[in-house]
Amino acid sequence: MLSESSQKNEIVSCVRQFWLGLLILLLGLLVGLPAARVSAQSAPSAPAPAPLNSSSYQGSVPTGEVSAQPLDLTLDEAIQRGLRYNLGAILSTTQASGVRGQRLSQLQTLLPTVDASWKWSVQQVDLAALGLRVPGFPTIVGPFGYTDLRANFSWAAVDVNSLRNYLAARHNFNAAQLSAEDARQMVVLTVGNAYLVVLADESLVTAAESQVATSKVSLDQAVNQHQAGTAPLLDELRARVDYQTLQQQLIVDQNALEKDRLALARTIGVPLAQKFNLVDKVPFAPFDQLDIDAAIRQAHANRKDLAAMVEQTSAAKEQRKAATADRFPTLKTDVDYGLIGVNFGTSHGTVDASGTLSVPVFKEFGLRGEAEQAQSQLDTQTAELSDKNAQVDADVRDALLDIASAQQQVEVARSSVDLANEALSEAQQRYAAGVSDNLPVHQAEQSVAVANNQYVSSLYRHNLAKLSLARSLGAAENYKSYLGGK
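What comes next is a walk through the structure. Here the structure is a predicted model, which is why all the values come from computation and not from measurement.

**Description of the overall build of the chain**
Check the secondary structure of the chain and you find 10 helices and 6 strands. Buried positions account for 39% of the 486 residues belonging to the chain. Considering only contacts in the chain between residues 6 or more positions apart, those separated by 24 or more positions represent 84%. When the accessible surface of the chain is summed, it comes to about 26,200 Å², and 57% of that surface belongs to carbon and sulfur atoms.

Pasting the structure below:
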């Protein structure tokens, strides 16, 4: 039986061995032995993330301090802010990062893994507590201990399923990157549309203010003539109704302008309390008709969303092959080497190497189920890709039709505004001369209001159609070439 001093010496010796073993383990980690185990088991490739909802592009991450000085904002500055702070652009980037992590995880299943471990054990056993009482044999055994420092090497040398899943993950990663690039196109279209809406609202407010001022002149004229006895009370009442109606429309237009300013600020990350002025006015610029066939070829070559769907279809093909590869045998090798002993001075190397060949024998229903699911996903992706190709054609044709139609509407509306203003001036002169009552003035003012609204709306639709064409061609970031005419 060991004395108390001998037991203390043994414990001190084991503690020293513990710290020595810990030092050796840390040195092993520094030369490349990973301390965390990464499973080499085959795992199905995660699908690419779903496309972002259009509402994601209406939000942003507000950035910057609110200044008392209004911010002068050009269309280019608004779009650049949108590309940095729009929620859709940010989410698409984070999704691409997540898919990249999935690709790296899938890659690890093809690579060997090395795990390092160190075990230090000190034991003291009470044999009497275990029911062992041997005459002449001590009831307390120990303390005694050992150290075990080892590394484990594991590698799935032949695993076709993991290889196919990795290829699918790589295609999904490419699709996520392309989707992030396409998100920039959507940001340009969303921010550009919000900018154009605010410009249209400002034009409507300006036109409404002008109409209110004109109506006030007509009202004063009717009041004066009624007081002079040269016009009936009906003329004054009609003029007053027109004036108040236009005032109400002005209030509605001003409210719409402020709400659309908030919507623009939301898309580009400007604090909602920050005042800003729009510098660019985007005047009307005719757009020459493009060759439809050349435009469609350009769209098929440049559209990132179409390229992303091609990658997703390729990923579905690899996953279908991976489902078939589940029937193939796999070969895995494991090597375990370590040093074990009472201490490192007396330790001895041990090794355990094995190779495992696995062949599925009775998994028919599971294998068929996986194959049918993968085939269903592939068929779905193939159908969606075919529809996407047709959608690209339709987007280009729709945009060109909208441009041609809106361009004609702008020209007609501009002529209508001129004619309505001329008719209003003629009616006011006739009323001032006492030739007629103010009913023609009332009708002419309504015609001016309608003509101005039609002109502003058609101009907005024309510029939006040109932005949509740039998006449909995959060239939204080159929007200046389209808004400025060609």
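Next comes the rest of the account.
**A short note on the nonpolar core**
Within soluble globular proteins, side chains that are nonpolar generally end up buried alongside one another. By size, the foremost hydrophobic cluster in this structure holds 49 residues, and its most contacted members are Leu 264 and Leu 278. Among the elements of the structure, helix 2 (75-85), helix 4 (160-227), helix 5 (233-268), strand 4 (276-278), helix 8 (364-432) and helix 9 (439-472) are those that each provide at least two residues to this core. Take this core: its biggest share by element is 16 residues, from helix 4. Met 309, Val 396, Ile 403 and Ala 465 belong to the second-largest nonpolar core, a separate cluster that totals 19 residues.

**Quick look at the sheet that holds strand 3 (residues 140-158)**
Spatial strand order, 2-3-5-6: 4 strands in an open sheet with antiparallel pairing. Looking at the sheet topology across the chains shown, the edges are occupied by strand 2 (113-126) and strand 6 (348-358). Strand-to-strand twist of the sheet, defined as the mean angle between neighbouring strand axes without regard to direction, takes the value 20°. Strand direction decides the pairing type here: strand 5 (residues 330-341) and strand 6, joined by 11 bridges, are antiparallel.

**Some thoughts on the packing of helix 2 against helix 3 (residues 87-108)**
Taken N-terminus to C-terminus, the directions of helix 2 and helix 3 make an angle of 35°; their axes are 5 Å apart at the nearest point. Along its contact with helix 2, which presents Gly 82, Leu 83, Arg 84 and Tyr 85, the element helix 3 presents Leu 87, Ala 89 and Ile 90. Of the residues belonging to the contact of helix 2 with helix 3, the class tally is 5 nonpolar, 1 polar and 1 charged.

**Some remarks on helix 2**
Along helix 2, the residues classified as buried are Leu 75, Ala 78, Ile 79, Arg 81, Gly 82 and Leu 83. Where helix 2 is buried, its residues contact strand 1 (71-73), helix 3, helix 4, helix 5 and helix 10 (480-483).

**Here we look at the pattern of salt bridges**
One pass over the structure, following the stated rule, counts 18 salt bridges. Residue Arg 150 pairs with Asp 148 through a salt bridge whose shortest N-O separation is 2.9 Å. For Asp 148, a relative accessible area of 13% translates into the label buried. Taking the shortest distance from any N to any O, the salt bridge between Asp 182 and Arg 471 comes out at 3.1 Å.

**Here's the deal with the side chain of Glu 445**
Its location among the elements puts Glu 445 in helix 9. Buried and unpaired, Glu 445 has no salt bridge, with Arg 238 as the nearest side chain of opposite charge at 9.5 Å. Among the polar contacts listed, one links the side chain of Glu 445 to the side chain of Ser 218, at a separation of 3.1 Å. When sequence neighbours within four positions are dropped, the list of residues in contact with Glu 445 reads Thr 214, Ser 215, Ser 218, Asp 242 and Leu 424.

Rules behind the numbers
Starting afresh in each chain, residues are numbered from 1 along the sequence in its written order. The predicted origin of the model limits local features to residues at a pLDDT of at least 70 and limits the giving and counting of side-chain atom pairs to 80 or more, whereas totals for whole chains, interfaces and linings rest on all residues. Note that water and hydrogens are dropped before the side-chain values are worked out from all heavy atoms of the structure. Only DSSP runs of H or I reaching four residues or more are called helices, and only runs of E reaching two or more are called strands; each is numbered from the N terminus. In this scheme, a residue with accessible area under 20% of its type's maximum is buried, one over 50% is exposed, and one in between is partly exposed, where area comes from a 1.4 Å probe on protein chains only. Here, residues are in contact when the closest pair of their heavy atoms is within 4.5 Å. Accessible surface is estimated by sampling points in the Shrake-Rupley manner with a 1.4 Å probe; for residues, cover comes only from the protein chains shown. In plain words, nonpolar cores are sets of buried Ala, Val, Leu, Ile, Met, Phe, Trp, Tyr and Cys residues tied together by side-chain atoms within 4.5 Å. For two strands to count as paired, DSSP must find a minimum of two bridges between them. What counts as an axis is a line fitted to C-alpha atoms, over the stretch in contact for a helix, and the angles between N-to-C directions run from 0 to 180 degrees. Following the grouping adopted for this structure description, the nonpolar residues are Ala, Val, Leu, Ile, Met, Phe, Trp, Tyr, Cys and Pro, the charged ones are Asp, Glu, Lys and Arg, and the polar ones are all others, Gly among them. Within this document, salt bridges are pairs made up of a side-chain nitrogen of Lys or Arg and a carboxyl oxygen of Asp or Glu, the two lying within 4 Å of each other. Charge assignment: positive for Lys and Arg, negative for Asp and Glu; neither His nor the chain ends contribute. As used in this structure description, the phrase polar contact means that two N or O atoms lie within 3.5 Å; if the pair is within protein, one of them must be able to donate a hydrogen and the other to accept it, and residues adjacent in sequence are counted only when both atoms belong to side chains.

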